[in-house]
Amino acid sequence: MDEHQKRLTHYLAAYIDELVGNGVDEVVISPGSRSTPMALLFTHHPGVKTYINVDERSAAFFGLGIAKAKKKPVAILCTSGTAAANYYPAVIEARYAKVPLIVLTADRPHELREVGAPQAINQLELYGKHVKWSVDMALPESLPEILQYAKASAARGVSLSISAPAGPVHFNFPIREPLIPALEEVTFSNRRREKRVIGGLRGLSTEMRDDLLSVLKEKQKGLIICGTGLDESAIESIMFFAEYHGFPVVADPLSQIRGGEHSKRNVIETYDAFLKIEEVKEAFKPDLIIRFGAMPVSKPLTLFLKGLTGVPYWVVSSGEEWQDPIAKATEFIYCDENLFCIDMKTGAEHNAAGWLHQWKNVNDVSRNILQTRDQPWNEGKAVKQLIEYLPDGASIFASNSMPIRDLDTFFFNSDRNISIYANRGANGIDGVVSTALGMSTGNAPMYLLIGDLAFFHDLNGLLVAKKYQLDITIVVMNNNGGGIFSFLPQANEGTYFEELFGTPMDLDFASAAVFYGAHYTLVKEESEFGSALQSVEGHQGIKIIEVLTNREENVAIHRKLWNFVSQEIEGEFKRNNL
């Protein structure tokens, strides 16, 4: 091989080998010319599983989904130009959802930048502050010190991507032509990674622990809030901590606390329904709030917390994050959640039985109504039936807008191992299909709950499912438009509402199912939904169940149910003089 090919091959192979040695063994590649040598070397590496996804936006979300499911860094690779720009939405989501993503963009060499060369844009710091680290890599060289630089950069990038808070890192690779590496000259090693970054758990100093304990022991009405991004290994510790102190736990569906075999004696799951009630909000004012994870989905909970004054509010996080959208936090406690709960259990147990009983009583009333109240067929009832049908060990990926809110309302505490996921980093609907498909590469049966707008927005993501025969059941709630907007104030602006917010598309998703080789079922009536879920059990691949609903009726039924919950709880308060 000539000198250029030697430099190209040795340099990129050294980088890739170190990347793989540090745990990056899955790569999503979008075809392109400038990224050719890296694509060939990744495919040539025996320790790497590669996926090909033509659309860079879909590819990035697909990689993000793999990383979310397997809780490890995943690489995405594309060519130069606007291909790299199409990664942007997923990079933003990865940053705010704390997902480790290794973003690899090929680039023109320095002499072809800003001179009118084709497919050459300014890719330096392309993702701005939405990545934890961005580096414009050196041009390929085979000098020993440059090969060490390539390895060190790979190890550093992986380390940064997984360190708390996890997130994306960006490597920009300028590459000169010719672009073909000498694969026959490459022998990838199976040895242990050459460079390692070792970290430990972050704990509290004795002084800080004692300071927090002095506050905690004086509180009898503590409230624990658990949101998305919570380390699942900490769930048992949080439950023991809550029971020790007699504090209720308000658990977002994305916290993974509502499902599983752990204790749920203190878990409150219907707060979104009863925190709309003024009497409840007045009676349930805590004297201490402790939050693990991000803010939950629930708007009533957010408004309840915003209305509190003078209440100590602790945000516990294993990484340095300033997650305080309502500006109420008084302490940011950067500590491993397990260690925090262990440290805060010292001393006498609290006697807060009355406080906890109040929350449990109202939660029981609300749950009973939401579980048993008969109502006409609507999206909420369909979501409740879907949850009841799910097999143990299944995962649901919920689109934003109404699907995640219906799950918040109807996903009740269960000993079944049901996991709920969503893209709540940036709360967008783009890339939902692709993210769910990435998550389907894990071991759990995957169900995607999505609206018609979000499904259409990422419909081409289904190509990768067809190509790799991924197994997923997609439930599309088709109300012919943006259902969430019908719950918002602009729904009263009748003149332009449909054009600007309702956005009816009148699409036939049966045709899309044929296009991507999916098994398709149309559900028009309540009696058809259960059989539709059963009918897909024997099919592998993409299964689409399209559920037709009516936006206006759905809003009316939801509001009627919420009003009934409010009336019953207000009556409970009067009967018990609460």
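Structure's up top.
First, a word on scope: everything that follows refers to the structure included in this document. Per-chain numbering applies: the sequence of each chain, read as written, is numbered from 1 onward. Selection of residues for local features in this predicted model requires a pLDDT of at least 70, selection of side-chain atom pairs for listing and counting requires 80 or more, and totals for whole chains, interfaces and linings are taken over all residues. Only heavy atoms go into the side-chain values, all of them from the structure, while hydrogens and water stay out.

**Details of the sheet that holds strand E16 (residues 472-478)**
The strands that make up a sheet pair up through hydrogen bonds in the backbone, lying either parallel or antiparallel. Under the convention used in this document: Paired strands are those between which DSSP finds at least two bridges. Secondary structure follows DSSP: runs of H or I at least 4 residues long count as helices, runs of E at least 2 residues long count as strands, and numbering of each begins at the N terminus. For every element, the axis is a line fit to its C-alpha atoms; helices are fit only across the contacting stretch, and the angle between N-to-C directions ranges from 0 to 180 degrees.
Across the sheet, six strands lie side by side as E14-E13-E15-E16-E18-E17; this open sheet has parallel pairing. Either end of the sheet is taken by a strand with one partner, and the two such strands are strand E14 (419-422) and strand E17 (519-523). Going across the sheet, the axis of each strand differs from the next one's by a mean of 20°, ignoring polarity. Two elements, strand E13 (residues 395-398) and E14, share four bridges in a ladder whose sense is parallel.

**Re the packing of aromatic side chains**
As a reminder of what qualifies: Pairing of aromatic side chains requires ring centres within 6.5 Å, counting the rings of Phe and Tyr and the six-membered ring of Trp. Pairs whose planes differ by under 30 degrees are stacked, by over 60 edge-to-face, and all others tilted. Distance and angle both matter: a charge sits over a ring if NZ of Lys or CZ of Arg is within 6 Å of the ring centre and within 35 degrees of the ring normal.
This structure, assessed with the given rule, holds 19 aromatic pairs. Three or more aromatic residues link up through ring pairs in this structure, and these residues are Tyr15, Trp133, Phe171 and Phe173. Its guanidinium or amino end placed over the ring of Trp562, Lys276 lies 4.4 Å from that ring's centre, counting from NZ or CZ. Of note, Arg373 hangs over the ring of Phe564, and the distance from its end group to the ring centre comes to 3.7 Å.

**Thoughts on helix H6 (residues 144-162)**
Quick note on the threshold: One less than the number of residues in a helix, times 1.5 Å, gives the span that helix is expected to have. Each residue's exposure class comes from its accessible area (1.4 Å probe, protein chains only) as a fraction of the maximum for that residue type: buried when under 20%, exposed when over 50%, partly exposed otherwise. Every residue pair with non-hydrogen atoms within 4.5 Å of one another is taken to be in contact.
Under the 1.5 Å per step criterion, the end-to-end length of H6 is 28 Å for 19 residues, consistent within 8% with the ideal 27 Å. Buried within H6 are the following residues: Leu147, Ala150, Lys151, Ser153, Ala154, Ala155, Gly157, Val158, Ser159 and Ser161. Packed against the buried residues of H6 are helix H1 (3-21), strand E4 (101-107), strand E5 (133-136) and strand E6 (168-174).

**Considering the nonpolar core**
To keep things clear, this is the line we draw: Among buried residues, those of type Ala, Val, Leu, Ile, Met, Phe, Trp, Tyr and Cys that are joined through side-chain atoms within 4.5 Å constitute a nonpolar core.
Counting 63 residues, the largest nonpolar core has Phe274, Leu305, Phe529 and Ile569 as the members making the most contacts within it. Sort the elements by how many residues they give to this core and helix H13 (residues 353-372) lands first, with six residues. Those residues within four positions of Ile569 in sequence are excluded, and the remaining contacts are Phe274, Ile277, Val280, Val362, Val365 and Ser366. Ala67, Ala90, Ala94 and Leu126 belong to the second-largest nonpolar core, a separate cluster that totals 51 residues.

**Observations regarding the sheet that holds E4**
Taken in spatial order, the six strands of this open sheet run E2-E1-E3-E4-E6-E5, and their pairing is parallel. Edge strands, defined here as strands with exactly one partner in the open sheet, are strand E2 (49-52) and E5. In this sheet, neighbouring strand axes are inclined to one another by 15° on average, regardless of whether the strands run parallel or antiparallel. Those strands touched by helix H3 (residues 56-70) are strand E1 (26-29), E2, strand E3 (74-78) and E4, and its axis lies near 170° from that of E3.

**Some thoughts on the side chain of Arg258**
Filter applied, for reference: Within 3.5 Å is the distance limit for a polar contact, defined as a pair of N or O atoms, with the added protein rule that one can donate a hydrogen and the other accept it, and that residues adjacent in sequence qualify only through two side-chain atoms.
With respect to the helices and strands, the residue Arg258 is situated in the loop between strand E8 (249-251) and strand E9 (267-268). Polar side-chain contacts of Arg258 include one of 2.8 Å to the backbone oxygen of Phe411. Setting aside residues no more than four positions away along its own chain, Arg258 makes contact with Ala251, Asp252, Pro253, Lys264, Glu269, Tyr271, Leu407, Asp408, Phe411, Phe412, Asn413 and Ser414.

**Some words on the state of the cysteines**
As a reminder, the rule being used: Two cysteine sulfur atoms form a disulfide, by the criterion used here, when they sit within 2.5 Å.
One pass over the full model with this rule turns up zero disulfides. Take Cys226: it sits in no disulfide, and the sulfur closest to it among the cysteines is that of Cys341, at 8.4 Å. Note on Cys226: relative accessible area 0%, which makes it buried.

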